[in-house]
Amino acid sequence: MLFSSKAKHRRPSKAARVVTLAGVAGAAVAVPLMGATGASAASVATWDAVAQCESGGNWSINTGNGYYGGLQFSQSSWAAAGGTQYASRADLATKSQQIATAEKLLDMQGPGAWACAGAGNLTNDGVDPGVDTGSAQAGGDEQPQQQAPERAAEQPTTRSEQRTAPKTEAPKTVTTPTGEKVEKGDGEYKVKTGDTLGKIAAKHDVKGGWEKLFELNDDIVKDADLIFPGQQLHLTK
């Protein structure tokens with residue numbers, strides 16, 4: 001069964017009365033009790049055995065019956081033993097914080113504070129559990145913080161992997177002095193101001209003269225007398 005039929009922190013025992021008085025008297029009474037030397041102590045394994053009997057080992061249990069956490073603290077015993085420095089109730093504290101508070105309660109009241117002390121062989125064995133109460137994780141065993149995966153070292157990119165900026169597409173037309181657009185062409189010679197087909201053919205020794213030059217570029221030159229700066233003419237096939 002999850003819960004023992006025996007009372008847990010509930011019996012009208014001398015130990016329970018000490019807790020009640022401490023809770024009623026307030027901090028002035030509770031602080032001296034918590035400040036006592038840690039002569040009483042039990043190992044984590046012992047507390048695990050007690051919790052197994054008290055709550056089935058569920059360190060964050062809260063069934064609404066007035067007893068909380070793995071060791072089934074009543075609210076008054078939790079407060080009297082200083083547990084509220086960790087959390088308002090035992091079930092909201094970590095396993096380590098619950099054990100640390102139980103150590104103080106054990107020192108204050110002895111094993112009789114737990115109905116399951118016998119099942120867990122709880123005694124003042126003087127074994128320091130060595131728990132770390134610094135974790136803010138509530139209930140159960142503290143899990144080590146997961147470290148964020150290390151970012152893989154960035155590898156230098158090769159030239160072939162680098163994205164090149166897209167080339168701007170060259171215009172396919174040129175604008176004449178009258179504002180008309182004519183085909184630009186893709187030949188090896190770029191027409192300059194003052195050029196004629198005859199001058200270009202003579203300068204570049206085009207066999208067949210201007211007539212041949214006109215023939216080679218009839219796709220962009222519609223009139224042999226009209227060529228425009230910026231057009232690009234083929235000088236050979």
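Thresholds, definitions, all that
Residues numbered from 1 in each chain as written. Predicted model: local features only at pLDDT ≥ 70, side-chain atom pairs only at ≥ 80, totals over all residues. Heavy atoms only, no water. Salt bridge = Lys/Arg side-chain N within 4 Å of Asp/Glu carboxyl O. Helix = DSSP H or I, 4+ residues; strand = E, 2+ residues; numbered from the N terminus. Buried < 20%, exposed > 50% of the residue type's maximum accessible area, 1.4 Å probe, protein only. Phe/Tyr/Trp six-rings, centres within 6.5 Å; stacked < 30°, edge-to-face > 60°.

Points about the pattern of salt bridges
Then, number 1: For the structure on display, the rule yields three salt bridges.
Then, number 2: In this structure, Asp 48 and Lys 95 form a salt bridge, with 2.9 Å as the shortest nitrogen-oxygen distance. One end of the pair, Asp 48, is in helix H3 (residues 44-55); the other, Lys 95, is in helix H5 (residues 95-109), with 47 residues separating them in the sequence.
Then, number 3: The exposure class assigned to Asp 48 is partly exposed, which follows from its relative accessible area of 29%.

Things to note about the packing of aromatic side chains
Then, number 1: Under the criterion given, the structure shown has three aromatic pairs.
Then, number 2: Ring geometry for Trp 47 and Trp 114: centres 5.1 Å apart, planes at 65 degrees, overall edge-to-face. Of this pair, Trp 47 sits in helix H3 while Trp 114 sits in the loop between H5 and strand E3 (173-175), and the two are 67 residues apart along the sequence. As far as the burial class goes, Trp 47 and Trp 114 line up, both buried.

Some details on unusual backbone geometry
With the exception of glycine, most residues fall at negative phi, and the peptide bonds are largely trans.
Then, number 1: The phi dihedral of Gln 72 is positive, around 50 degrees, even though this residue is not glycine.
Then, number 2: By the element assignment, Gln 72 lies in the loop between strand E1 (67-68) and strand E2 (73-74).
Then, number 3: The exposure class of Gln 72 is buried, given its relative accessible area of 0%.
Then, number 4: Even without being glycine, Asp 205 reaches a positive phi, approximately 50 degrees.

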